[in-house]
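# Structural characterization, general
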Amino acid sequence: MAGSSEGVGEKGLPQILERRCILQSEALYQYILETSVYPREPEVLKELRQLTATDHRQVPAIRFWNAMATSPDEMQFLSMLLKLMNAKKTLEVGVYTGYSLLATALSLPHDGEIIAIDINRKNFELGLPFFEKAGVAHKVDFREGRALPILDDLMTKEEKYKGWFDFVFVDADKSNYMNYHNRVVEMVRVGGIIGYDNTLWNGSVVAKAMAERPFPYYIMECRDAILEFNAYLAADPRVEICHVSIADGLTLCRRLN
Ligand code: SAM
Ligand code: CA
């Protein structure tokens, strides 16, 4: 309230009302998860999430395995979007053990089709039994390899993929987001959606001086690419955008023409 200890912000509103996007506490996030996400998360997705958090067979052997998986609240949001769009054909770049892929497969109709790309098939194979258990494995066409040449192949050799996808989810190799965009923007249909994950990149996008950069090397390595990409999307006349402050930032692009 104006005049309270929160003070008045730049727009003349109480600061508490001006700061209305990024969650204000970990407890608030836990509240969302426990109240609205976990009780609704399909059992098979929960099982895959738990395996991803604990299974030691993943490659490369990293300490915080599940940190790579898309968060369940973000996939709850994207699952609803996919259903609202009546999406049937999707493309995913960056599969890992398949949490976002399984949530997508569960959201498409029985004859839905997903092309899923990752340089590493082993992690996907850890998750594959959950796709089989859920009866959605037939929707997934997994292609192992680097995404750029595979996308180029899809666009040239397999011309049919131009303007073919209803939805594309990009969640790999952040330094190549611009290159991915310039390909997938032609592969999604007019009116279709592309989602780019991690576009707030751990908050590093607002770190200015070196002193303000308490981020690990792998974050700083891609920070400039993410900054450049966010600015590029904001000015790209081919798409309408929405920078959603969920998880680590999700930029949705709707193809205009
Ligand atoms: N969407 C996944 C999920 O919800 O679990 C997480 C994907 S994880 C953040 C990124 C994935 O991108 C990793 O599995 C990695 O192997 C893959 N990757 C990295 N560079 C790649 C590239 N150049 N081409 C294809 N996949 C790549
Ligand atoms: Ca991600």
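By the naming in an unreviewed UniProt entry, the protein chain is Caffeoyl-CoA O-methyltransferase, taken from Ensete ventricosum. Its UniProt record gives the protein chain the following Sequence similarities (unreviewed entry) comment, quoted word for word: "Belongs to the class I-like SAM-binding methyltransferase superfamily. Cation-dependent O-methyltransferase family."

## A few points about the packing of aromatic side chains
On inspection of all chains with the given rule, the structure shows nine aromatic pairs. Centroid distance Tyr177 to Tyr196: 5.5 Å. Interplanar angle 50 degrees. Geometry classified as tilted. Of the two residues, Tyr177 sits in helix H8 (residues 177–187) while Tyr196 sits in strand S5 (residues 188–197), which places them 19 residues apart along the sequence. Tyr196 shares its class with Tyr177; the two are buried. Pairing Trp201 with Tyr218 gives two aromatic rings, centres 6.4 Å apart and planes at 90 degrees, and the pair type is edge-to-face. Within this pair, whereas Trp201 is found in the loop between S5 and helix H9 (217–234), its partner Tyr218 is found in helix H9, the two being separated by 17 residues in sequence. Here the basic side chain of Lys89 rests over the ring of Trp164, its NZ or CZ set 4.6 Å away from the ring centre.

## A closer look at the packing of helix H5 (residues 99–107) against helix H6 (residues 121–133)
Two elements in contact, H5 and H6, have axes separated by 10 Å at closest approach and are oriented at 25 degrees. Looking at the two axes, H5 sits roughly parallel to H6. Taken as a pair, H5 and H6 cross one another with a handedness that is right-handed. Together, Leu101, Leu102 and Ala105 of H5 and Phe124, Phe130 and Phe131 of H6 make up the contact between the two elements. Looking at the contact of H5 with H6, its residues break down into six nonpolar, no polar and no charged.

## Regarding the side chain of Thr97
Mapped onto the elements, Thr97 comes out in the loop between strand S1 (89–93) and H5. Thr97 gets classed as buried once you look at its relative accessible area, which sits at 0%.

## Some remarks on the coordination of the calcium ion (ligand 2)
Each pair of donors in an ideal four-coordinate tetrahedral metal site encloses 109.5 degrees, whereas pairs in an ideal six-coordinate octahedral site enclose 90 or 180 degrees. With distances of 2.3 to 2.9 Å, the protein atoms coordinating the calcium ion (ligand 2) are Asp171 (OD), Asp171 (OD), Asp197 (OD) and Asn198 (OD1). All donor residues of the calcium ion (ligand 2) come from one chain, and their arrangement in sequence is D-x25-D-N. Of this pair, Asp171 sits in the loop between strand S4 (165–170) and H8 while Asp197 sits in strand S5, and the two are 26 residues apart along the sequence. Residue Asp171 is classed as buried on the basis of its relative accessible area of 12%. Look at Asp197 and you get buried, because its relative accessible area is 4%.

## Description of the nonpolar core
In terms of nonpolar packing, the biggest core is built from 34 residues, with Leu91, Met187, Ile194 and Tyr196 touching the most fellow members. Broken down by secondary-structure element, the contributors of at least two residues to this core are S1, strand S2 (113–118), helix H7 (147–156), S4, H8, S5 and H9. The residues touching Tyr196, leaving out its near neighbours within four places in the chain, are Val170, Tyr177, Tyr180, His181, Val184, Phe229, Leu233, Gly249, Leu250, Thr251 and Cys253. One finds Ala87, Leu101, Ala105 and Ile193 within the second-largest nonpolar core, a separate group that totals 33 residues.

## Overview of the environment of Tyr177
Taking the relative accessible area as the measure of exposure, Tyr177 reaches 1% and is therefore buried. C-alpha separation for the pair Tyr177 and Tyr196, spaced 19 residues apart in sequence, amounts to 7.9 Å. Setting aside chain neighbours within four positions, we find Tyr177 in contact with Val170, Asp171, Ala172, Tyr196, Asp197, Asn198, Thr199, Ile226 and Phe229. Among the polar contacts made by the side chain of Tyr177, one reaches the main-chain carbonyl oxygen of Val170 at a distance of 3.2 Å.

## A look at the packing of helix H4 (residues 72–84) against H5
Pairs of packed helices are described in terms of their axes, by the angle between the two and the distance that separates them. In contact at an axis separation of 9 Å, H4 and H5 are set at 30 degrees when each is read in the N-to-C sense. Taken together, the axes of H4 and H5 lie roughly parallel to each other. The two elements H4 and H5 cross, and the hand of that crossing is right-handed. Together, Pro72, Met75, Ser79, Leu82 and Lys83 of H4 and Tyr99, Ser100, Ala103, Thr104 and Ser107 of H5 make up the contact between the two elements. Along the lines of polarity and charge, the residues of the contact of H4 with H5 split into five nonpolar, four polar and one charged.

## Examining the side chain of Ser100
Mapped onto the elements of the fold, Ser100 is located in helix H5. By relative accessible area, Ser100 is classed as buried at 3%. In contact with Ser100, other than residues within four places in its own chain, are Thr70, Met75, Glu92, Gly94 and Phe169.

Quick notes on the rules
Residues numbered from 1 in each chain as written. Chains lettered and ligands numbered in written order. Predicted model: local features only at pLDDT ≥ 70, side-chain atom pairs only at ≥ 80, totals over all residues. Heavy atoms only, no water. UniProt positions renumbered as here; feature names shortened; annotations may be inferred. Phe/Tyr/Trp six-rings, centres within 6.5 Å; stacked < 30°, edge-to-face > 60°. Helix = DSSP H or I, 4+ residues; strand = E, 2+ residues; numbered from the N terminus. Buried < 20%, exposed > 50% of the residue type's maximum accessible area, 1.4 Å probe, protein only. Lys NZ or Arg CZ within 6 Å of the ring centre and 35° of its normal. Axes fitted to C-alpha atoms, helices over the stretch in contact; angles between N-to-C directions. Parallel < 35°, antiparallel > 145°, perpendicular 65-115°, else oblique. Left-handed = near helix turned anticlockwise from the far one by under 90°. Contact = heavy atoms within 4.5 Å. Nonpolar A, V, L, I, M, F, W, Y, C, P; charged D, E, K, R; others polar. Donors = N, O, S within 2.8 Å, 3.2 Å for Na, K, Ca; no water. Core = buried A, V, L, I, M, F, W, Y, C linked by side-chain atoms within 4.5 Å. Polar contact = N/O pair within 3.5 Å; in protein donor to acceptor, adjacent residues only side chain to side chain.

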